[in-house]
Amino acid sequence: MRLFGLIGYPLGHSFSKKYFSEKFNREDIADARYELFELPEIAGFKSLVDCLPELEGLNVTIPHKQAVIPYLDVLEESAKKVGAVNVIRLQNGRLTGYNSDYFGFKRSLEQWLPKSRRELQALVLGTGGASKAVSAALKDLNIPFQLVSRTAGPQLLSYQALKAQPELLKEHQLIINTTPLGTAPHTEEAPPLDYQLLTHQHFLYDLVYNPAKTRFMQLGEAQGAQVKNGLEMLQLQAEKAWEIWNS
Ligand SMILES: NC(=O)c1ccc[n+]([C@@H]2O[C@H](COP(=O)([O-])OP(=O)(O)OC[C@H]3O[C@@H](n4cnc5c(N)ncnc54)[C@H](OP(=O)(O)O)[C@@H]3O)[C@@H](O)[C@H]2O)c1
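Counting of residues starts from 1 at the beginning of each chain's written sequence and follows it residue by residue. The model is predicted, so local features are restricted to residues of pLDDT at least 70 and side-chain atom pairs to those at 80 or more, both for listing and for counting; the totals for chains, interfaces and linings are taken over all residues.

Draft legend 1. Representation of the sheet that holds strand β6 (residues 94-98) in the model. One bridge is not enough; two strands pair if DSSP finds at least two bridges between them. The helix count covers DSSP runs of H or I at least four residues long, the strand count covers runs of E at least two residues long, and both are numbered beginning at the N terminus. Read from one edge of the open sheet, 6 strands run β2-β1-β3-β5-β6-β4, paired in mixed fashion. Each of the sheet's edge strands pairs with one partner strand only, and the pair in question is β2 (32-38) and β4 (74-75).

Draft legend 2. Summary view of the domain arrangement of the chain. Residue ranges for the domains originate in an automatic or database domain assignment. Domains assigned within the chain are domain 1 (2-98) and domain 2 (102-233). The C-alpha centroid of domain 2 is placed 28 Å from the C-alpha centroid of domain 1. Residues are treated as contacting if the C-beta atoms built from their backbones sit within 7 Å of each other. Tallying the contact residues gives 6 residues for domain 1 and 6 residues for domain 2. Three residue categories are used. Nonpolar comprises Ala, Val, Leu, Ile, Met, Phe, Trp, Tyr, Cys and Pro, charged comprises Asp, Glu, Lys and Arg, and polar comprises the others, including Gly. The residue makeup of the side of domain 1 that touches domain 2, split by class, is 2 nonpolar, 2 polar and 2 charged.

Draft legend 3. Main features of the site of the ligand. Residues in close proximity to the ligand total 23 residues, the closest being G126, G128, A130, S149 and G230. For the shell around the ligand, the secondary-structure elements that each account for two or more residues are α4 (100-112), α5 (129-140) and α9 (231-245). Tallied by class, the residues present in the shell around the ligand amount to 8 nonpolar, 13 polar and 2 charged. Any residue whose C-beta atom, as set from the backbone, lies within 6 Å of a molecule or strand is reported as near that molecule or strand.

Draft legend 4. Summary view of α5. The span one expects for a helix is its residue count, reduced by one, times 1.5 Å. Here α5 contains 12 residues, and its C-alpha end-to-end distance of 17 Å stays within 8% of the 16 Å for a straight helix at 1.5 Å per residue. Residues are called buried when their C-beta atom has 20 or more other C-beta atoms within 10 Å, exposed when it has 12 or fewer, and partly exposed otherwise; all C-beta atoms are positioned from the backbone. The buried fraction of α5 amounts to 10 of the 12 residues, a majority that puts the element mostly inside the structure. Of all the positions in α5, only G129, A130, S131, K132, A133, V134, S135, A136, A137 and L138 are classed as buried. Against α3 (77-82), α4, β7 (121-125), β8 (145-149) and β10 (172-177) lie the buried residues of α5. N142 lies just past α5 and shows a positive phi near 60°.

Draft legend 5. How the structure looks around the packing of α4 against α9. Orientation of α4 relative to α9, taken along the N-to-C sense of each, is 125°, at an axis distance of 8 Å. Accordingly, the angle class assigned to the pair α4 and α9 is oblique. For the crossing formed where α4 meets α9, the hand is right-handed. Across the interface between the two elements, S100, D101, F103, G104, F105, R107 and S108 of α4 pack against E232, M233, L234, L236, Q237, K240, A241 and I244 of α9. Across the contact of α4 with α9, the residue classes break down as 7 nonpolar, 4 polar and 4 charged. Only the contacting stretch of a helix is used when fitting its axis, a line to C-alpha atoms as for every element, and angles between N-to-C directions run 0 to 180 degrees. Oblique is the label for every angle not falling under 35 degrees (roughly parallel), over 145 degrees (roughly antiparallel), or within 65 to 115 degrees (roughly perpendicular). By convention, the crossing between two helices is left-handed when the near helix turns anticlockwise from the far helix through less than a right angle, and right-handed when the turn is clockwise.

Have a look at this one:
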């Protein structure tokens, strides 16, 4: 039996377990199973892996995406670019780290943005792990971007500065929410932007996928902007993980 799974802590409801269990059923993959491995401390990683000789692949979630790196033998390019690992392949005792969020976001954005609009500039809201995967993808797509944070810094625009300079929202027509704002049950929350400055020229991409239409998306749509949630990215990153484990 081929074993795959997810490490993180705490692990409540897991998209990955549901996704892979349904995939194995749907595609008659009878020799594989997907398990949750709650790992409070990354120090327990090696003994977990040593106990599971049939383990071929892992997804990694909060809080271990960076902490797991010293335990790996190789970092593939995507993990190096992002500085975090969310997929591990175990093969002949060698552990290789990848970042499939980077692949998922990049492919989904490429599919969504019309070719005629690849010249635009982006704002990336939030500076956490998801923001790093998004930034790496934007760099590779040659889309210039500015990071927006609650805390101003040398390379960081604050939300206040964005409000003080309305031309910035006119100049940056792709806005990507990588903050958790708007995630259920806090569905009334949205990043603090002057949404009335948005137009039908804008594209709003929300990494949040629950609810399917977030407040950020609703406020953009009311101004005529194109909007997209994070579900496709989530599915594409899971499929990328499966491709990695079977490569
Ligand atoms: N669709 C997908 O496939 C996918 C993949 C990965 C993640 N996600 C989603 O993306 C979101 C972010 O994930 P993450 O792992 O990057 O999370 P994170 O590291 O916890 O947070 C991301 C950033 O959001 C900003 N932020 C946090 N709370 C905020 C608040 N109350 N108001 C304004 N900004 C706030 C912070 O940036 P500043 O401190 O700089 O403001 C933080 O660094 C989550 O909702 C996650 O579910 C989706």
